[in-house]
Amino acid sequence: MNPLQPRPPSPLAEVTDERFAARGVRLLLKRDDLVHPELPGNKWRKLAPNLRAAVEGGFPALVTFGGAYSNHLRATAAAGRLLGLPTIGVVRGDELAGRPLNESLARCAADGMRLRFVSRAEYRRKAEPEVLARLLAGAGAAGAYVVPEGGSNALALRGCAELGRELRGAADVVAVACGTGGTLAGLAAGLGPGGRALGVPVLAGGFLGAEIRSLQLAAFGAPAGDWSLAEGFHHGGYARVPAELEAFAADFEARHGLPVERIYVAKLLWALAELTRSGAFPPGTTVAAVVTGRP
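1. Regarding the sheet that holds strand β9 (residues 226–229)
Consider a sheet: its strands pair through backbone hydrogen bonds, and that pairing is either parallel or antiparallel. Here six strands make up an open sheet; going across it, the order is β1-β2-β10-β7-β8-β9 and the pairing mixed. Each edge of the sheet is formed by a strand with only one pairing partner; in this case those strands are β1 (12–15) and β9. Neighbour to neighbour, the strand axes of the sheet diverge by 25° on average, direction disregarded. Relative to strand β10 (residues 286–290), strand β2 (residues 26–30) runs parallel, the two sharing five bridges. Bridge assignment links L28 to a residue of β10, and that residue is A288. Packing against the sheet, helix α9 (residues 208–220) makes contact with β7 (173–178), β8 (196–201) and β9, and its axis sits at approximately 155° to β9.

What follows is the structure in structure tokens.
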């Protein structure tokens, strides 16, 4: 059996939650965390097309980038193990090199990923051709297949467009948490005419709009789909889980029996609850939240 074989389409289930029902809003959960046992949600959808390209192209290894707690690094390492493809992770922060690996990076190493720690200043410039070439050479990854941070490139967007096609006609608004913007960019394209995609950025900075437009141009040659961003729900930045967000996530778990991933999914659900409370969705609206990962 192909180890990358998913189980699509992922389940779509309605949940009854008084915070939404009181405003006349239906909440659906698109359980993309169940699409693959080791590469859940958008990680599978973005990585699978790139992994196929790496294997079919005969590349000796795959190299990608991420921070110390990157879900993308973990998923890439697991995929490499499944395929027997060597993986190299370029990790932001050379100060981490002499420290014990955290749980996330330890999982990457256990799955066979070779880790290369680089300075934050150099990491910020990784998109520059000369810097990228230097990073790859330093990591022993010259000639490797390169997947960008977060896995978002033209191939990834085409994979995420399938998610949109699975949701056509199912909801008035389809919402997803955003890191690098690739999932939203592909989702919006796949929803087709009449579909509306809403992204909830989990990082501060307000840079995603331009990035999504650039990704769609590379993947589809033009803007695609109806999408917008709901800013201001990052709770202090990436991987920040303040007490109020933790309490919200724990309460949602208790109400619905759903394990809630904190960095992305909790912020998405919080944002949808707040937007519903403020009247952003008219009564009668059906909102589908994409559960992109699990704890």
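2. Examining the packing of aromatic side chains
Summed over all chains, the structure comprises four aromatic pairs. Considering the side-chain rings of F65 and Y123, the 6.5 Å spacing of their centres and the 70° angle between planes classify their relative orientation as edge-to-face. Remark: Y123 occurs in helix α5 (residues 120–124) and F65 occurs in strand β3 (residues 62–66); sequence separation between them is 58 residues. Each member of the pair, F65 as well as Y123, is classed as buried. Ring centres 6.3 Å apart and planes at 40° place the aromatic pair F248 and F252 in the tilted group. Of the two residues, F248 and F252 both sit in helix α10 (residues 243–256), four residues apart, roughly one turn of that helix. Pairwise contacts between aromatic rings join F248, F252 and W270 into one cluster.

3. Focus: the packing of helix α7 (residues 154–166) against helix α8 (residues 182–191)
Relative orientation of the contacting elements α7 and α8 amounts to 50°, with a least axis distance of 6 Å. Taken together, the axes of α7 and α8 lie oblique to each other. As α7 packs across α8, the resulting crossing turns out to be right-handed. Note on element contacts: α8 touches α7 through G182, T183, A185, G186, L187, G190 and L191, opposite L157, C160, A161, L163, G164 and R165. Broken down by class, the residue content of the contact of α7 with α8 amounts to seven nonpolar, five polar and one charged.

4. Examining unusual backbone geometry
One non-glycine residue with positive phi stands out, namely H235, at about 55°. Along the chain, the position of H235 falls in the loop between β9 and α10.

5. Focus on the nonpolar core
Core analysis: the largest hydrophobic core is formed by 34 residues, its most contacted members being L27, L29, L198, F252, L269, L272 and F281. Counting only elements with at least two residues in this core, the list comes to β2, β7, β8, α10, α11 (265–277) and β10. Of the residues forming this core, the biggest block, nine residues, is contributed by α11. Counting 21 residues, the second largest nonpolar core, distinct from the first, contains L187, A219, W227 and V290.

6. Remarks on the sheet that holds strand β4 (residues 87–92)
Spatial ordering of the open sheet is given by β5-β4-β3-β6, a layout of four strands whose pairing is parallel. Because the sheet does not close on itself, it has two edges, and the strands there are β5 (114–118) and β6 (145–146). As paired strands, β4 and β5 are joined by five bridges and run parallel to one another. When the bridges of β5 are listed, G89 appears paired with L115. Where helix α3 (residues 71–83) meets the sheet, it contacts β3 and β4, and its direction lies at approximately 160° from that of β3.

7. Comments concerning the side chain of N50
Secondary-structure assignment places N50 in helix α2 (residues 42–56). For N50, a relative accessible area of 0% corresponds to the buried category. Within the local environment of N50, its side chain forms a polar contact with the side chain of N153, the two groups lying 2.8 Å apart. If near-sequence neighbours (up to four positions away) are discounted, N50 is found in contact with Y145, V147, G151, N153, L155 and A156.

8. Here's the deal with the pairing of β10
Burial analysis of β10 places five of its five residues in the buried class, which makes it a mostly covered element. Here β10 shows no split at all, with T286, A288 and V290 on one side and V287 and A289 on the other all buried. Relative to β10, β7 runs parallel, the two sharing three bridges. Counterpart to V173 in the pairing with β10 is V287.

9. Comments concerning the state of the cysteines
Counted under the stated rule, the structure contains zero disulfides. C160 provides the cysteine sulfur closest to C108, a residue in no disulfide bond, and the two sulfurs are 20 Å apart. Sulfur of C178: no disulfide; nearest cysteine sulfur belongs to C160 and is 10 Å away.

Calculation criteria
Residues numbered from 1 in each chain as written. Predicted model: local features only at pLDDT ≥ 70, side-chain atom pairs only at ≥ 80, totals over all residues. Heavy atoms only, no water. Pairing = 2+ DSSP bridges. Helix = DSSP H or I, 4+ residues; strand = E, 2+ residues; numbered from the N terminus. Axes fitted to C-alpha atoms, helices over the stretch in contact; angles between N-to-C directions. Contact = heavy atoms within 4.5 Å. Phe/Tyr/Trp six-rings, centres within 6.5 Å; stacked < 30°, edge-to-face > 60°. Buried < 20%, exposed > 50% of the residue type's maximum accessible area, 1.4 Å probe, protein only. Parallel < 35°, antiparallel > 145°, perpendicular 65-115°, else oblique. Left-handed = near helix turned anticlockwise from the far one by under 90°. Nonpolar A, V, L, I, M, F, W, Y, C, P; charged D, E, K, R; others polar. Core = buried A, V, L, I, M, F, W, Y, C linked by side-chain atoms within 4.5 Å. Polar contact = N/O pair within 3.5 Å; in protein donor to acceptor, adjacent residues only side chain to side chain. Disulfide = S-S within 2.5 Å.

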